[in-house]
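Here are the chains, one letter per residue:
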Amino acid sequence: MAPSLPRVGARLTLAKSSLEQVFANLRAAGFTLIGPRLRDAALVLEEVTGLNDLPRGWRDQQAPGQYRVVPGQDSFYFDHLVGPHSWKQFLHPARLKLFGAAKNNGTWSFQSATAPPPRYAFIGVRACDLAAIARQDRVFLAGEFRDPHYAARRESLFLLAVNCGRAAPTCFCRSLQTGPRVTGGFDLALTELADVFVLEVGSEAGAEMLRETAWQPATALHASRAEEAVRQTESQIERELRTDDLPKLLYDNLEHPRWDEVARRCLACGNCTLVCPTCFCTTVEDASNLAGTRVERTRLWDSCFTLDFSHVHGGNSRPTLRARYRQWLTHKLASWKDQFGALGCVGCGRCITWCPVGIELTEEVKAIREKAA
Amino acid sequence: MSVSFTPAAVRARADPMLPGLAVVRGVKPEAYGVSTFSLALADPAEAAAYRFLPGQFNMLYLPGFGEVAISVSSDPFEPQLIGHTIRFAGSVTRGLARLQPGDALGLRGPYGSAWPLEQARGRDLVIVAGGIGLAPLRPVVLSVLRERAAYGRVLLLYGGRTPPDLLYTEEFERWQAAGIETHVTVDRASEDWRGQVGVVPQLFYRIRLDPRRTVVFTCGPEIMMRFVIYEALARRLPKEGVYLSMERNMKCAVGFCGHCQFGPTFLCRQGPVLNFAAIEPFFGREDF
């Protein structure tokens, strides 16, 4: 047993069973733990209470339009990769009460939603998803306005990151320099080996959560095995997205015939926008009592693939699927950069896996580039 | 690119989506299906601090119906009474149509960019509006009238579908007398109409302008603005001298909802008033 807490920046080894104590420490500190769980034949993100909730021994198989959960390496808790859920559903909930309105004596009063959000600890955040959180930070925290709902969740967040031990054919984080290696912005980061976790301490809060765990300074052997594991993952990544000519490539090709071609395959289902960890668009709706005197205003995720999204009085500014797919892709890979200083894509590959017809954003860009204007 | 002039106090609100309470002080029918609502903020401190610039908009909220982005159409020098000229076109505006003096609603703002009046000072200004598009330009006219001598020639080119659709016509005489050269046209004339018939961009053929000293502000249907810009550029106006006010679906006005994107532009932040040169690659593009 180590007598004191590790320094920030230290590399440690931790017996896998000791992660249970980290979870207990987080819970004792008031955190609600969110991590991967096996549910409905998919690995989703939900509340976890202990190590046994993690999908030990399971991994996913991903391809364009395909996802299967299959047995993986027995002793591994984090053998899987990103699934249909992303962390945005906790920081930027799919449904969020904004405020209430009440009518008394002929006048309205407006009351902000005051319930304090849970303090979340995210367990098993991949490098691409850490980057995605940083991208949404720019949208909700760094602009002229600050979203208090996002800010409250974000500021109390604890991040336990995981270096990916393998890559899926849909992964392309390397092209966007967002992974697979976790490089910062975490409290604790672990690399899973067959027998132990190799742990990196990213913050004081992270160090604090190692109280009463049997951590040891990482041996040179463990550290190099952890390095090797990430290197191997990196070499597994085959998918590429060239970014050096973005955003210009897309701005110069807004009338490219490929937009018509992809519109014939796209179903406008909006899956890509829902699974995307950076997509942030929302709409609002009111629900009132029958008398219309008590109203609750709710913010909901929206998708630029719906017709309603671009409705204006007397018409619609993007009536065609071609226009809507073009909006989505040019936002991700062009205008996002103008708006927020980085692309809106982190290379997680979710939009490719969860597209029911297997449209690959990487292939669409390639096709546009091949016959670019 | 134009910039947002949203006041610091509006930006600093703890919850930017939470409206303030406003009360209807007056309702003035302007045309069929169009009325101007004069609103006052209920909180005396908020009302006293409220300022807006010509071209900016507020989010008006009717609980149970929803929220809409509406330009301020009243005098920026009298910001305690906030005028909104509203065409009853959708579910929220049809709800707003029922409001009577004394009724309450939600209001937050002002948001967005403003017409760059400072660029028009000492120069000629051509204001070109179609239909309800005159509403966000009325504060420009009223601001010019406060300081008429600061500007060169000021022209208003305005058109509507039919004569009864024209807004603020009872003010035109005063504007004209105060030195705003006003040209009006309608798409379809009635029997008693003695004015021009035809689309707004054609009014350019009735005026002479000096491209070296002219600034154009335009607001109306996009198809109208396209041809207004065409006529202005055909008269050798630089692209940088043309400003337009754009409209897209808008849910939040604070850059979170994503609906009002026009290429890289968030119309709620860099817009609604934009310099043509900055958006030229996207403007007029089909289904964009």
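Each chain has its residues counted from 1, running along the sequence as written. Working convention: letters from A go to chains and numbers from 1 go to ligands, in the order in which they are written. Under the rules for a predicted model, residues below a pLDDT of 70 receive no local features and side-chain atom pairs below 80 are neither given nor counted, while totals for whole chains, interfaces and linings still include all residues. The basis for the side-chain values is all heavy atoms of the structure; hydrogens and waters are excluded.

So, on to helix H9 (residues 257-265) of chain A. Residues and elements named next belong to chain A. Along H9, the residues that are buried comprise Trp-259, Val-262 and Ala-263. Mapping the buried residues of H9 onto a view down its axis gives an arc of 105°, with all of them on the same face. Among the exposed residues of H9, those oriented more than 90 degrees off its buried face are Pro-257 and Arg-264. Along its buried surface, H9 packs onto helix H8 (248-251), helix H11 (321-340) and helix H13 (361-370). Any residue under 20% of the maximum accessible area for its type is buried, any over 50% is exposed, and the rest in between are partly exposed; the area is computed with a 1.4 Å probe on protein chains only. Helix and strand labels come from DSSP, where a helix needs a run of H or I of at least four residues and a strand needs a run of E of at least two; each type is numbered from the N terminus. What the arc describes is the spread of directions from the helix axis to the C-beta atoms. Any two residues having at least one pair of non-hydrogen atoms within 4.5 Å are treated as being in contact.

Moving on, we get to the environment of A:Ile133. All names here are of chain A. Within the secondary structure layout, Ile-133 lies in helix H3 (residues 127-140). Residue classification places Ile-133 among the buried residues on the basis of a relative accessible area of 6%. Distance from Ile-133 to Trp-87, taken between C-alpha atoms, is 7.8 Å for residues 46 residues apart in sequence. Beyond its immediate sequence surroundings of up to four residues, Ile-133 is in contact with Trp-87, Leu-91, Phe-122, Val-125, Tyr-150, Arg-154 and Leu-159.

Should their charged atoms come close, side chains of opposite charge can pair. Whenever Lys or Arg places a side-chain nitrogen within 4 Å of a carboxyl oxygen from Asp or Glu, that contact is recorded as a salt bridge. Under the counting rule described, the total for this entry stands at 48 salt bridges over all chains. Residue A:Arg181 is joined to A:Glu227 by a salt bridge in which the shortest nitrogen-to-oxygen separation is 3.1 Å. Pair noted here: A:Arg181 is in the loop between helix H5 (173-176) and strand S10 (188-192) and A:Glu227 is in helix H7 (residues 220-236), with a separation of 46 residues, a long-range link. A relative accessible area of 28% places A:Arg181 in the partly exposed class. For the salt bridge of A:Arg258 with A:Glu261, the shortest nitrogen-to-oxygen distance reads 3.5 Å. Pair noted here: A:Arg258 and A:Glu261 are both in helix H9, with a separation of three residues, about one helical turn. A single salt-bridge network, built from bridges that share partners, covers A:Glu255, A:Asp260, A:Arg322, A:Arg326 and B:Arg285.

Okay, the sheet that holds strand S2 (residues 34-41) of chain B next. All names here are of chain B. A pair of strands is considered paired only if DSSP assigns at least 2 bridges between the two. Taken in spatial order, the six strands of this open sheet run S4-S3-S6-S1-S2-S5, and their pairing is antiparallel. Of all strands in the sheet, those with a lone pairing partner are strand S4 (66-71) and strand S5 (82-87), marking the two edges. Across this sheet, the average inter-strand angle for adjacent strands is 40°, counted without regard to direction. Note that strand S1 (residues 20-31) and strand S6 (residues 104-111) share four bridges and pair antiparallel. Residue Ala-22 lies in a different strand from S6, and its bridge partner there is Leu-105. The convention used is that axes are lines fitted to C-alpha atoms, helices contributing only their stretch in contact, and that angles between N-to-C directions extend from 0 to 180 degrees.

Turning next to the sheet that holds strand S7 (residues 107-112) of chain A. Residue and element names in this part refer to chain A. A sheet is described by the order of its strands in space; here four strands give the open sequence S7-S6-S14-S13, paired in antiparallel fashion. Each of the sheet's edge strands pairs with one partner strand only, and the pair in question is S7 and strand S13 (282-288). Sheet twist, expressed as the average angle between the axes of neighbouring strands with direction ignored, equals 25°.

Put simply, two rings from Phe, Tyr or Trp (the six-membered ring, in Trp's case) pair if the centres are within 6.5 Å, and we call them stacked under 30 degrees between planes, edge-to-face over 60, tilted for the rest. Taken as a whole and assessed by the stated rule, the structure comprises 35 aromatic pairs over all chains. Measuring from ring centre to ring centre gives 4.6 Å for A:Trp87 and A:Phe122, while their planes differ by 25°; the resulting arrangement is stacked. One end of the pair, A:Trp87, is in the loop between strand S5 (66-71) and helix H2 (88-91); the other, A:Phe122, is in strand S8 (residues 120-125), and 35 residues separate them in sequence. We classify A:Phe122 as buried; its relative accessible area is 0%. What links up through ring pairs into an aromatic cluster is the set A:Phe140, A:Tyr150, A:Phe280, A:Trp336, A:Phe340, B:Phe256 and B:Phe266. For a ring to carry a charge above it, either NZ of a lysine or CZ of an arginine must fall within 6 Å of the ring centroid while also lying within 35 degrees of the normal to the ring plane. Directly above the aromatic system of B:Tyr151 lies the positively charged group of B:Arg121, at a separation of 6.0 Å from the ring centroid.

Attention now goes to the domain arrangement of chain B. All names here are of chain B. Here the limits of each domain have been adopted from an automatic or database domain assignment. Domain boundaries assigned for chain B yield domain 1 (8-111) and domain 2 (117-245). Centre-to-centre, using C-alpha coordinates, domain 1 lies 25 Å away from domain 2. With 20 residues of domain 1 at the contact, the number on the domain 2 side is 16 residues. Carbon and sulfur atoms supply 59% of the area buried between domain 1 and domain 2, which totals about 1,300 Å² over both sides. Two parts placed together each lose some accessible area; with a 1.4 Å probe, that loss summed over both constitutes the buried area. Considering only the side of domain 1, the residues that lose the most area to domain 2 are Pro-54, Ser-73 and Phe-77, jointly responsible for 31% of the buried surface there. At the boundary of domain 1 with domain 2, the tally comes to three salt bridges. Two residues, Arg-146 and Glu-78, come together in a salt bridge whose shortest N-O distance is 3.4 Å. Counted as a polar contact is a pair of N or O atoms within 3.5 Å, where, for protein atoms, one must be capable of donating a hydrogen and the other of accepting one, and residues adjacent in sequence contribute only when both atoms are in side chains. At the boundary of domain 1 and domain 2, one finds five residue pairs in polar contact (both at pLDDT 80 or more). Mapped onto the side of domain 1 that touches domain 2, the elements with two or more residues apiece are S1, S2 and S5. Classification used: nonpolar for Ala, Val, Leu, Ile, Met, Phe, Trp, Tyr, Cys and Pro, charged for Asp, Glu, Lys and Arg, polar for all others including Gly. Looking at the side of domain 1 that touches domain 2 residue by residue, the class counts come to nine nonpolar, six polar and five charged.

Turning our eyes to something else, we now look at the interface of chain A and chain B. Between chain A and chain B, the residue contacts involve 49 residues of the former and 46 residues of the latter. Here chain A meets chain B over a buried area of about 3,900 Å², counting both sides, of which 57% is carbon and sulfur. For chain A, the biggest contributors to the area lost against chain B are A:Phe110, A:Glu144 and A:Phe145; these three give 20% of the whole. At the junction of chain A and chain B, the tally comes to three salt bridges. B:Arg11 is the partner of A:Glu144 in a salt bridge, and the nearest nitrogen-oxygen pair spans 3.8 Å. In this structure, the connection of chain A to chain B is made through 19 residue pairs in polar contact (both at pLDDT 80 or more).

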